[in-house]
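# Working through the structure, step by step
Here are the chains, one letter per residue:
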Amino acid sequence: MRGHFHTDENGDFKVKNIVPVPYAIPTNGPTGEFLEYMDHHPMRPAHLHIMFEAEGHDTLITQVFFGGDEWLKTDVAEGFRNELITRLEDKGDHKEASLNFMMRPLQE
Ligand SMILES: [Fe+2]
């Protein structure tokens, strides 16, 4: 799923989404041979890809991960960072999570 979202005047935004699940990267071809050589599993923890764009700022491309995922520490893509973790709070008929992002102003 993909979308294009706009923040409010405070820089806040909300997205409704299906909770992602962990997945395995393809294990055929050179990637599979490399994983076998490294004796590494092919799993990525559940995550969302996000790209932020704002006038006067560097574009920020990042991912969001969810606390408690068993694959966080051994992410085959090594994309996991502690500051990119959020927690899903159970709200009965849905779950909610939040995370703060900071964009770097363009250097002149
Ligand atoms: Fe991904």
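Residues numbered from 1 in each chain as written. Predicted model: local features only at pLDDT ≥ 70, side-chain atom pairs only at ≥ 80, totals over all residues. Heavy atoms only, no water.

## Observations concerning the coordination of the iron ion
- The iron ion binds to the protein through Tyr23 (OH), His47 (NE2) and His49 (NE2); the donor distances cover 2.1 to 2.4 Å.
- Going along the chain, you hit the donors of the iron ion in the pattern Y-x23-H-x1-H. Taken together, the residues tyrosine 23 in strand S1 (residues 23–24) and histidine 47 in strand S3 (residues 47–52) connect sequence positions 24 residues apart.
- Exposure remark for tyrosine 23: the relative accessible area of 38% places this residue in the partly exposed category. (Donors = N, O, S within 2.8 Å, 3.2 Å for Na, K, Ca; no water. Helix = DSSP H or I, 4+ residues; strand = E, 2+ residues; numbered from the N terminus. Buried < 20%, exposed > 50% of the residue type's maximum accessible area, 1.4 Å probe, protein only.)

## Brief notes about the packing of aromatic side chains
- Here the structure, examined in full by the defined rule, presents 3 aromatic pairs.
- Between phenylalanine 13 and phenylalanine 52 the ring centres are 5.9 Å apart and the planes differ by 65 degrees, which places this aromatic pair in the edge-to-face class. With a gap of 39 residues between them, phenylalanine 13 in the segment before S1 and phenylalanine 52 in strand S3 connect regions that are remote in the sequence.
- The exposure class of phenylalanine 13 is partly exposed, given its relative accessible area of 32%.
- Pairing phenylalanine 52 with phenylalanine 101 gives two aromatic rings, centres 4.6 Å apart and planes at 45 degrees, and the pair type is tilted. (Phe/Tyr/Trp six-rings, centres within 6.5 Å; stacked < 30°, edge-to-face > 60°.)

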